[in-house]
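Close look at the chain arrangement
These are the residues of each chain, in order.
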Amino acid sequence: MEKTIVAIATATGEAGIGIVRLSGESSVETVKKIFRPLDKKQIDKSQNKLMKYGHIYDNDELVDEVMVCFMFAPHTYTREDVVEIYTHGGIVCLKRVLNSCLKNGAVLAEKGEFTKRAFLNGRLDLSQAEGVIDLIKAKTSASHKSALNQLEGHLGKKIKEFREIVLDILSFVEYSINFTEDMQEDLPLDNVILKTEHLLTQMKELLNSSNQGKILRDGLNVSIIGKPNVGKSSLLNRILKQERAIVTDIAGTTRDLINEDVELKGIRLNINDTAGIRETEDVVEKIGVEKSIEASETADLNLVIFDISRSFDEEDEKIIEIANRKKSIGILNKVDLERVLVVSALKEKINFPLLEISALENRGIDKLEDTITDMFFDGKIEIENKALITNVRHQNNLRCAFEFLQSFLEDIKNSVP
Ligand code: GDP
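So, here's what we can say about the structure.

So, how was this worked out
Residues numbered from 1 in each chain as written. Predicted model: local features only at pLDDT ≥ 70, side-chain atom pairs only at ≥ 80, totals over all residues. Heavy atoms only, no water. Salt bridge = Lys/Arg side-chain N within 4 Å of Asp/Glu carboxyl O. Helix = DSSP H or I, 4+ residues; strand = E, 2+ residues; numbered from the N terminus. Buried < 20%, exposed > 50% of the residue type's maximum accessible area, 1.4 Å probe, protein only. Phe/Tyr/Trp six-rings, centres within 6.5 Å; stacked < 30°, edge-to-face > 60°. Lys NZ or Arg CZ within 6 Å of the ring centre and 35° of its normal. Pairing = 2+ DSSP bridges. Core = buried A, V, L, I, M, F, W, Y, C linked by side-chain atoms within 4.5 Å. Contact = heavy atoms within 4.5 Å.

With the rule as written, the count across this model stands at 24 salt bridges. Residue Asp-58 pairs with Arg-96 through a salt bridge whose shortest N-O separation is 3.6 Å. One end of the pair, Asp-58, is in strand S4 (residues 51-58); the other, Arg-96, is in helix H2 (residues 91-103), with 38 residues separating them in the sequence. Take Arg-96: its relative accessible area is 28%, and that puts it in the partly exposed class. One salt bridge in this structure joins Glu-61 and Arg-96, with 3.2 Å as the shortest N-O distance. Residue Glu-61 is located in strand S5 (residues 61-71), and its partner Arg-96 is located in helix H2; the two are separated by 35 residues in the primary sequence. Through salt bridges with shared partners, one network takes in Glu-2, Glu-80, Glu-113 and Arg-117.

Under the defined criterion, the tally for this structure stands at 1 aromatic pair. Note on Phe-35 and Phe-70: the rings are 6.3 Å apart at their centroids and 45° apart in plane angle, and the pair reads as tilted. One end of the pair, Phe-35, is in strand S3 (residues 35-37); the other, Phe-70, is in strand S5, and 35 residues separate them in sequence. A relative accessible area of 3% means that Phe-35 is categorised as buried. The ring of Phe-114 has Arg-21 lying over it, and the distance from NZ or CZ to the ring centre is 4.1 Å. The residue whose ring lies beneath Arg-36 is Tyr-57, and the NZ or CZ to ring-centre distance is 3.7 Å.

Here we take up the pairing of S5. Pairing geometry for S4 and S5, over 8 bridges, is antiparallel. Counterpart to His-55 in the pairing with S5 is Glu-65. Connecting the antiparallel pair S4 and S5 is a turn made up of 2 residues, with Asn-59 showing a positive phi of about 55°. Relative to strand S6 (residues 82-88), S5 runs antiparallel, the two sharing 5 bridges. Bridging from a neighbouring strand, Met-71 pairs with Val-82 of S6.

Counting 31 residues, the largest nonpolar core has Leu-235, Leu-269, Ile-271, Leu-303, Ile-329, Leu-368 and Ile-372 as the members making the most contacts within it. Breaking this core down by element, the ones donating at least two residues are helix H7 (190-218), strand S8 (220-225), helix H8 (232-240), strand S9 (258-264), strand S10 (267-273), strand S11 (301-307), strand S12 (328-333) and helix H12 (365-377). In terms of residue count, H12 provides more of this core than any other element does, 5 residues in total. Those residues in contact with Leu-303, other than ones at most four positions away along the chain, are Val-222, Ser-223, Ile-224, Ile-225, Leu-235, Ile-239, Ile-329, Ile-331 and Leu-368. Core analysis: the next-biggest nonpolar cluster, separate from the first, contains 21 residues, Ile-34, Ile-43, Phe-70 and Val-83 among them.

Take a look at the structure:
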């Protein structure tokens, strides 16, 4: 018999309510020993999924005033009997109720054990179980939606469809082993080739979704690079819609590298502003470039800023060199000032799109948002009820299956026995 597990299910801190959850065969018995319902009714299956009001006692000492929900197997999260106790949300209430459960036969759950049981008892498949953790960790509406899709089983369903087709192809292969031994004629291969090709196309499509899926789940690492005083901090403030980075025209102040999260059309952008670091005037240029290189290395996207009111120089040249190696968006800032920079000459040197903005006057920032979604999502972010790969493990396994199937197709086309 599996042990009955118990844990505090809500985040600990000060809150109106908190939840202690139990799962396992003796969870109902355990709670019965510490819970006194006001209506004094017998707790059995007639009370399934009803909220019961009452008090938790530790021996005869009152611990908390609570609501309790008894959920009987098999229609529960873990497919076992589950009980949830809604206590007041303070840490002492939660811990004392937890301890009372522990004293009365439950053991402390390990991390993720409720979901593990749901998986082991067939309530969730593995991709759904992974969806649970992604859903809990989701920070933006897009990552929330994609995790919810996974939890709803869209990915699992797609993979099961693939598996059916693979089994069908496999049955042909096994049949052909006997067939060739017994018969003289050739086997009709067209159908199996067609099926395999069709499946490979579908797998490729799903694999192609994985870059977007990763971005939906984890967000985009964005670096703002450019030489000092081009307006990097000003742009960051515009994107964040607040004065987070200190904007200054005095070089020589040292600040930390600024790292901020912002949501853009449901996507999380984790923005690195390299402007934060300036030391003495002598080393400004060197540090600017070094920091840009460092920040750009880990970035999925560079926002490369140029100052349109200053002429192009060697430093810009170095920054371009970095930006050309990665996905980048070029930004001509300070269009409110007189244009000095020769844009046509700049365009010849770069392999990324160029936008004009004024961070000071908050012009052109919308275009930047559109360019980012165009670049990574072909303009629109579609997550609705769609199987999507968001997880590296899924991506690797699918790629592996794809490669095996591809080599099978080659063999069969080349009549490898
Ligand atoms: P950073 O060193 O690249 O982070 O540049 P900052 O954002 O600190 O800006 C440097 C200076 O340029 C500040 O004085 C800003 O007010 C000014 N600045 C930034 N963006 C604009 C703009 O679009 N137009 C004008 N006229 N000035 C700007």
